[in-house]
Structures are given as C-alpha cells and as structure tokens.
Amino acid sequence: IRIMILLALLAGACSPGSMTVSEYAAEAEQIVAEMEAGFAAIDTEWTSQPPTAERAAKYWDQRLEIRRDALEAVESLKPPETIEPMHTVALDIFSRITAADEALAERAATIDTFADHWPWVDTPEGQTADAVLAEIYDFCRASQREFDATAEPNPFGDLVWIPDVEVVRVAFGCPPSE
C-alpha cells in the first residue's frame, strides 16, 4: 500500500485538476470527525437520563442517520485512481457497519425494560457490530500508518525528473491497538 500511496502522490503532482491523495485524505478525515462528533453527542444525551424504550428508539434513529450520512459521504468521494483499492475497502467496511447498526437497531426496538443504557451490546447483533468495528479500527490504523509513511524521506532521492512526493497529514483518531 505504501508504494500505491507514493505513486498516487506522484500522479497527483503530474495531473492538475484531479483530487490529490492529500485532498482525499482530508475529506475522509472530515467525514470520520463529523461522524465521531455526532456519536459522542448522542451517546452523551442517551446516557444523561435513565434509559427507556422511547429514548432508545430516538437514539437509534439518530445513530442510523449519522451512520448513513457517513456512508453517503464516503460513497461520494472520488479517490485518485491509485488509491481506489483503499477506497473500495472503506466503502465495504462502512456498508457493513451500517448494516450491522441497522440490525442492532432492530434488536434494540424489541427491548422494553432497561437495566442499563447498553442492553443490546451482548446480543448476537451487538457482537456482529463489535466484530465489524474491530475491522474498522484495524483498517483505520493501517490507513493512518500508510499516510504517516509519506512523511518519511523521498525514496527517489534527488532525481530531478521526479517531483517531490506530497506528504499526507491526517489524524483519523483511530483507537490504539489492544
């Protein structure tokens, strides 16, 4: 993947008018930041009062709206050709977590009595969502490492005919490995 990113950076430098890897990464970073901020806001609201079925329904409506908006935003990105494989993986993962959250919302709708705020976590649907989240976190960390690697010295040295490689700086906010 590192070579793909370096080639994408070179292609971006040679083809004016197309989205650069930095622009793509910045847009992806913004999508993730907005999604995470939305989740933090609704999680805070959800846990601020005793849980009820009515409040759970509202929580899941909001969560699914955030999730679907993020998926649509990822679908609308036009990645540079050389990182399309990374984009395809992102689309697959975002689609699967959206589907997992939809199934989890259906399960949550069947819960009438709440002992805590997160009764759906230990359901089969919750475990499926957690498994997809683990994949997302792995993908996030791998993507972050690849983008961070662009800050390393130019592997092409001082070859005059090769333009400087674009350094991509993003902070996806990936959780640390466990």
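Above this note sits the structure.
Residues numbered from 1 in each chain as written. Predicted model: local features only at pLDDT ≥ 70, side-chain atom pairs only at ≥ 80, totals over all residues. Heavy atoms only, no water.

Caption draft 1: Seen up close, the packing of helix α3 (residues 53-76) against helix α4 (residues 84-108). It is the contact of α3 with α4, at a shortest axis distance of 10 Å, that shows an interaxial angle of 165°. Here α4 runs roughly antiparallel to α3, going by the angle between their axes. As for the relative orientation of α3 and α4, their crossing is left-handed in sense. On α4, the residues that touch Trp60, Arg63, Leu64, Arg67, Arg68, Ala70, Leu71, Val74 and Glu75 of α3 are His87, Ala90, Leu91, Phe94, Ser95, Ile97, Thr98, Asp101, Glu102, Leu104, Ala105 and Ala108. The residue makeup of the contact of α3 with α4, split by class, is 12 nonpolar, 3 polar and 6 charged. (Axes fitted to C-alpha atoms, helices over the stretch in contact; angles between N-to-C directions. Helix = DSSP H or I, 4+ residues; strand = E, 2+ residues; numbered from the N terminus. Parallel < 35°, antiparallel > 145°, perpendicular 65-115°, else oblique. Left-handed = near helix turned anticlockwise from the far one by under 90°. Contact = heavy atoms within 4.5 Å. Nonpolar A, V, L, I, M, F, W, Y, C, P; charged D, E, K, R; others polar.)

Caption draft 2: Expanded view of a negative patch on the surface. A contiguous patch of negative charge, built from Asp61, Glu65, Asp69, Glu72 and Glu75, is present on the exposed surface. Relative to the assigned elements, Glu65 resides in helix α3. (Patch = residues over 30% accessible without salt bridge, like charges linked within 9 Å, V, L, I, M, F, W, Y side chains within 5 Å. Areas by Shrake-Rupley, 256 points an atom, 1.4 Å probe, with all protein chains shown as cover. Salt bridge = Lys/Arg side-chain N within 4 Å of Asp/Glu carboxyl O. Lys, Arg positive; Asp, Glu negative; His and termini not counted. Charge placed at Lys NZ, Arg CZ, Asp CG, Glu CD.)

Caption draft 3: Fine view of the pattern of salt bridges. Taken as a whole and judged by the stated rule, the model has 8 salt bridges. With a shortest N-O distance of 3.2 Å, Glu125 and Arg107 are connected by a salt bridge. With Glu125 in helix α5 (residues 124-149) and Arg107 in helix α4, this pair connects stretches of sequence that are 18 residues apart. Owing to a relative accessible area of 22%, Glu125 belongs among the partly exposed residues under this scheme. Salt bridges linked by common partners bring Arg63, Arg67 and Asp101 together as one network. (Buried < 20%, exposed > 50% of the residue type's maximum accessible area, 1.4 Å probe, protein only.)

Caption draft 4: Broad picture of α3. Here α3 spans 34 Å end to end across 24 residues, near enough to the 34 Å set by a 1.5 Å rise per residue. For α3, the complete set of buried residues consists of Arg55, Ala56, Tyr59, Trp60, Arg63, Leu64, Ile66, Arg67, Ala70, Leu71 and Val74. Tucked inside the fold, the buried residues of α3 contact α2 (21-47) and α4. (Expected span 1.5 Å × (residues − 1).)

Caption draft 5: How the structure looks around the environment of Tyr59. Within the secondary structure, Tyr59 sits in helix α3. With relative accessibility at 4%, the residue Tyr59 sits in the buried group. Separated by 20 residues in the primary sequence, Tyr59 and Phe39 place their C-alpha atoms 9.7 Å from one another.

Caption draft 6: Quick look at the environment of Ile66. Within the secondary structure layout, Ile66 lies in helix α3. Not counting chain neighbours up to four residues away, the residues in contact with Ile66 comprise Met35, Gly38, Phe39 and Ile42.

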